[in-house]
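# Working through the structure, step by step
If you want the building blocks of each chain, they are given just below.
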Amino acid sequence: MLILMDLNAPREHIEKVKKKIVAKECTPHEIPGSRKLAIGITGPSGNLSIEDFLGMDSVDEVLRVSKPYKLVGREMKPDDTVIDFENASIGGEKLTIIAGPCSVESKDQIFEVAGSLKELGIKFLRAGAYKPRSSPYSFQGLKEKGIEYLADVKRELGMKIVTEAKDTHTLPLIAEVADIVQIGARNMQNFSLLEEAGKIKNPILLKRGLAAKMEDLLMSAEYILSQGNYNVILCERGIRTFETHTRNTLDLNIVPVIKKHSHLPIIVDPSHGVGIWDKVTPMAMAAVACGADGLMIEVHSHPEEALSDGFQSLTIKNFKNLLEKIEKIASVVDKRIDNEEIQISN
Ligand code: PEP
Ligand code: MN
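Residues numbered from 1 in each chain as written. Chains lettered and ligands numbered in written order. Predicted model: local features only at pLDDT ≥ 70, side-chain atom pairs only at ≥ 80, totals over all residues. Heavy atoms only, no water.

In this section: the packing of helix α6 (residues 214-226) against helix α7 (residues 254-261). Across the interface, α6 lies against α7 with an axial gap of 11 Å and an inter-helix angle of 50°. Our classification of the angle between α6 and α7 gives oblique. Viewed along their axes, α6 and α7 form a crossing whose handedness is right-handed. Counting all contacts with α6, which are made through Met214, Leu217 and Leu218, the residues of α7 involved are Ile254, Val257, Ile258 and His261. (Axes fitted to C-alpha atoms, helices over the stretch in contact; angles between N-to-C directions. Helix = DSSP H or I, 4+ residues; strand = E, 2+ residues; numbered from the N terminus. Parallel < 35°, antiparallel > 145°, perpendicular 65-115°, else oblique. Left-handed = near helix turned anticlockwise from the far one by under 90°. Contact = heavy atoms within 4.5 Å.)

Structure representation (structure tokens):
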């Protein structure tokens, strides 16, 4: 259920509505909008009737939400969510570029690639310290050491860090350093992890599961929002299909579809989506053209030496070329790359 109140409703009216919701054993979620203040309600909807709230001070309208996903849906919040960081934002008119190696491999490796990316104006560095690998014998990440190196990069280069939390017990450590906590495709339906991610303050980058439908992705995001963390960024990273000429099938259809159903920003990861480095740039261009709010790109100073996903990683030179192409596409869809004011071409 959704209660729409006057945008300038006095605090006491809002609190009275929220108190009534809590008394019915449900949870209120305050969602500011451009025209109305919405109070979303989650919990046992059978406890509530529209009449409970009609006639209360500053209440304009009470609506039932028809979709199974509530807080992530446009019914609840028509305006796009924009997530603000110091000197950056995700969603809205900006096109956010997150780049970096698949994994932190050593202090030198992460500083080398981060330094090059910073020179290109990139604000968000991606790199995994806890890696969910298909094989138990593959490189599993540097774990705590990796987080420590990412903290060093953050402190010394001033970059924002995007790194993955693989389970609930390492989440608190990761949340201390990460500006955005990534939840990977394999964990998209790890509901305990989603619930814990909903209790922290860090924005969450939620990647689409290998065989997840749009609705599954939105329901997983709903787990996070339902716990009070409203800063979720969705990520299309390719799905499994019968087609095997690329690692995955990048489902760009989902971008405009999500835009219709949800107010959350959606970015695209063409690196995992195609899995082959020379297909990354064309698919990144297509992602921007169809309305993605950003891109996540794997970049390595020496892809041939990478401990994970080297085959799909761009060199710095190729990444720079990608940025030049993306800049042109972005202007066609009225977006602007959100990078530091640094000239990327020459
Ligand atoms: C990654 O970003 O390196 C990763 C493991 O991604 P995914 O969860 O999409 O496979
Ligand atoms: Mn990877």
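After that view of the structure, there is still more to cover.
The next point concerns the site of ligand 1. Around ligand 1 sit Cys102, Arg126, Lys131, Glu164, Gln182, Gly184, Ala185, Arg186, Lys207, Arg237, His272 and Glu298, and those are all the residues in its vicinity. Here an oxygen atom of ligand 1 and a backbone polar atom of Ala185 are 2.8 Å apart. Within the complex, 97% of the 300 Å² of free accessible area of ligand 1 lies under protein. Class assignment for the residues of the shell around ligand 1 results in two nonpolar, three polar and seven charged. (Near = heavy atom within 4 Å. Polar contact = N/O pair within 3.5 Å; in protein donor to acceptor, adjacent residues only side chain to side chain. Areas by Shrake-Rupley, 256 points an atom, 1.4 Å probe, with all protein chains shown as cover. Nonpolar A, V, L, I, M, F, W, Y, C, P; charged D, E, K, R; others polar.)

Let us now look at the environment of Gly92. The topology assignment puts Gly92 in the loop between β6 (88-90) and β7 (94-100). Residue classification places Gly92 among the partly exposed positions, given a relative accessible area of 27%. Residues Gly92 and Glu61, spaced 31 residues apart in sequence, show a C-alpha to C-alpha distance of 27 Å. Setting aside anything within four residues of it in sequence, one finds Gly92 in contact with Val82, Asp293 and Lys335. (Buried < 20%, exposed > 50% of the residue type's maximum accessible area, 1.4 Å probe, protein only.)

What follows concerns the coordination of the manganese ion (ligand 2). Any two of four tetrahedral donors ideally make an angle of 109.5 degrees at the metal, while pairs among six octahedral donors ideally make 90 or 180 degrees. Within the protein, Cys102 (SG), His272 (NE2), Glu298 (OE) and Asp309 (OD) serve as the donor atoms for the manganese ion (ligand 2), at 2.0 to 2.4 Å. Along the chain, the residues donating to the manganese ion (ligand 2) are arranged with the sequence spacing C-x169-H-x25-E-x10-D. Separated by eleven residues along the polypeptide, Glu298 in strand β14 (residues 294-298) and Asp309 in the loop between β14 and α10 (316-332) bring together distant segments of the chain. (Donors = N, O, S within 2.8 Å, 3.2 Å for Na, K, Ca; no water.)

This part covers the packing of helix α9 (residues 277-289) against α10. The contact between α9 and α10 brings their axes to 9 Å, and the two run at 20°. Classified by the interaxial angle, the pair formed by α9 and α10 is roughly parallel. For the pair α9 and α10, the sense of crossing is right-handed. On α10, the residues touching Trp277, Val280, Thr281, Ala284, Met285, Val288 and Ala289 of α9 are Asn318, Leu322, Lys325, Ile326, Ile329 and Ala330. Residue classes in the contact of α9 with α10 are distributed as ten nonpolar, two polar and one charged.

Moving on, we get to the domain arrangement of the chain. By the assigned domains, the chain splits into domain 1 (2-63) and domain 2 (83-337). Computed from C-alpha coordinates alone, the two centres of domain 1 and domain 2 are separated by 35 Å. (Domains from an automatic or database assignment.)

All right, on to empty space enclosed by the protein then. This model, assessed by the stated rule, comprises one cavity of 30 Å³ or more. Lining the largest cavity are Arg74, Asp80, Thr81, Gly91, Gly92, Lys259, His263, Leu264, Pro265 and Asp293. Of the residues that constitute the lining of the largest cavity, the class distribution is two nonpolar, four polar and four charged. (1 Å grid on protein atoms, 1.4 Å probe; cavity = no way out; pocket = protein on both sides within 12 Å on 5 of 7 lines; lining within 4 Å. Points joined across faces, edges and corners; volume = space filled by probe spheres on them.)

There is about 310 Å³ of room inside the largest pocket. Lining of the largest pocket is provided by 19 residues; of these, Pro132, Arg186, Arg237, Arg247 and His272 occupy positions nearest its centre. Across the lining of the largest pocket, the residue classes break down as four nonpolar, five polar and ten charged.

Counting through the fold element by element, Lys207 comes out in strand β11 (residues 204-207). The class for Lys207 is buried, based on a relative accessible area of 4%. A polar contact of 2.7 Å, which involves the side chain of Lys207, links it to the side chain of Asp269. Those residues in contact with Lys207, other than ones at most four positions away along the chain, are Gln182, Ile183, Gly184, Ala185, Met188, Leu217, Cys235, Arg237, Asp269, His272 and Met296.

Now for the environment of Leu295. Checked against the element boundaries, Leu295 lands in strand β14. Contact partners of Leu295, with chain neighbours within four places excluded, come to Thr96, Ile97, Ile98, Ile267, Val268, Ala284, Ala287, Val288 and Ile326.

A word on the pairing of strand β10 (residues 180-183). If a strand is regular, its side chains alternate between the two faces of the sheet. Burial of β10 is two-sided: the residues Ile180 and Gln182 facing one way and the residues Val181 and Ile183 facing the other way are all buried. Direction of pairing for strand β9 (residues 160-164) relative to β10: parallel, over a ladder of three bridges. Residue pairing in the sheet places Val162 in a bridge with Ile180 of β10. Handedness of the β9-helix α4 (residues 171-177)-β10 crossover: right-handed. Sheet analysis places β10 next to β11, joined by three bridges and oriented parallel. Within β11, the position partnered with Val181 by the bridge is Ile204. In this fold, the crossover linking β10 to β11 by way of helix α5 (residues 191-197) has right-handed handedness. (Pairing = 2+ DSSP bridges. Right-handed = clockwise from strand over helix to strand, strands pointing away.)

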